[in-house]
Amino acid sequence: MTFNYLTGVALAIVLPFTALAAPEPADPARQTPWGLYLTSREAFEMKQVEGDKVLFVDVREPVEIMFTGFTDVVDKNIPFLLVNPSQWHAEKPVLRMEKNPDFSAGVLAALKERGLDKSTPIILMCRSGGTRGAPSARALEGSGLSQVYVVVDGFEGSTAKDNPNGPFRSVNGWKNSGLPWGYQLNPDKIYMRAEE
């Protein structure tokens, strides 16, 4: 009788997360070695149920977060790419973004700070779910982590190309899913560059 009760409790805990699985992206550039994907709503639900047993990382550049918004549900902002204000990206006419050399070490340090190990589920979220989501996960390959999820629709979501007012990110994503967010940043969670 005890075995059946414990099995039922275990299934009640595990089943919601096996059901939480966004489909694998068709584009290989958006796929990861772990093959673990969540929508923003699924990421929110996982964090609500598992709490501090999950590490939720926003991989966006902190300056970008200042203008696009933030959710305090995130545990830590560890940018995958950082703006280099001294370099121009001529193809995109914007400032160049370069890989954060401390990204992987930052994720591992965040686990350690919270008393978590490499078996901890880690959720990575970027702006749209594509450009930095899977690449940031691939940057963690070989670090011994066993569960790295990518939020496939990101913080701002996909672009609605048929919008008469212009191409706005209004299709899906954290901001468009009724999840908590705002423009007030939490200084304890935002990445700060070391003083030179």
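Residues numbered from 1 in each chain as written. Predicted model: local features only at pLDDT ≥ 70, side-chain atom pairs only at ≥ 80, totals over all residues. Heavy atoms only, no water.

### Notes on a nonpolar patch on the surface
Piece 1. Nonpolar side chains collect at one region of the surface, where Val 63, Met 66 and Phe 67 lie side by side and expose about 320 Å² of accessible area between them.
Piece 2. Here Val 63 shows up in helix 3 (residues 62-68). (Patch = residues over 30% accessible without salt bridge, like charges linked within 9 Å, V, L, I, M, F, W, Y side chains within 5 Å. Areas by Shrake-Rupley, 256 points an atom, 1.4 Å probe, with all protein chains shown as cover. Salt bridge = Lys/Arg side-chain N within 4 Å of Asp/Glu carboxyl O. Helix = DSSP H or I, 4+ residues; strand = E, 2+ residues; numbered from the N terminus.)

### Things to note about the nonpolar core
Piece 1. The biggest cluster of nonpolar side chains holds 22 residues, and the ones touching the most others in it are Phe 103, Val 107, Ile 122, Leu 124, Leu 140 and Leu 145.
Piece 2. Mapped onto this core, the elements with two or more residues apiece are strand 2 (55-58), helix 4 (103-113), strand 6 (121-125) and strand 7 (147-151).
Piece 3. Here the element with the most residues in this core is helix 4; it accounts for 4 residues.
Piece 4. Once you skip the residues sitting within four places of it in the chain, Phe 103 turns out to touch Val 59, Ile 78, Pro 79, Phe 80, Leu 124, Ser 136, Ala 139 and Leu 140. (Core = buried A, V, L, I, M, F, W, Y, C linked by side-chain atoms within 4.5 Å. Buried < 20%, exposed > 50% of the residue type's maximum accessible area, 1.4 Å probe, protein only. Contact = heavy atoms within 4.5 Å.)

### Comments concerning the pattern of salt bridges
Piece 1. Throughout the structure, instances matching the rule amount to 9 salt bridges.
Piece 2. Here Lys 47 and Asp 75 are joined by a salt bridge, their closest N and O atoms 2.8 Å apart. A residue pair is termed long-range when its members are at least 10 positions apart, and Lys 47 in helix 2 (residues 40-50) and Asp 75 in the loop between helix 3 and strand 3 (76-77) qualify at 28 residues.
Piece 3. The closest approach of N and O atoms between Arg 127 and Glu 156, which form a salt bridge, is 2.5 Å. Of this pair, Arg 127 sits in the loop between strand 6 and helix 5 (133-138) while Glu 156 sits in the loop between strand 7 and strand 8 (159-160); the two residues are 29 residues apart in sequence, bridging distant segments of the chain.
Piece 4. The class of Glu 156 is buried, set by a relative accessible area of 9%.
Piece 5. Here the salt bridges do not stand alone but share partners, grouping Lys 76, Glu 113 and Arg 114 into one network.

### As for helix 2
Piece 1. Those residues of helix 2 lying buried are Ser 40, Glu 42, Ala 43, Phe 44, Met 46 and Lys 47.
Piece 2. Trailing helix 2 by a residue or two, Gly 51 shows a phi angle of about 55 degrees, which is positive.

### Some details on the sheet that holds strand 6
Piece 1. Read across the sheet, 5 strands follow the order 1-7-6-2-3 without closing on themselves; strand pairing throughout is parallel. A single partner strand is all that each edge strand has here, and the edge strands are strand 1 (36-38) and strand 3.
Piece 2. Lying on the sheet, helix 2 is in contact with strand 1, strand 2, strand 6 and strand 7; it crosses strand 1 at an angle near 100 degrees. (Pairing = 2+ DSSP bridges. Axes fitted to C-alpha atoms, helices over the stretch in contact; angles between N-to-C directions.)

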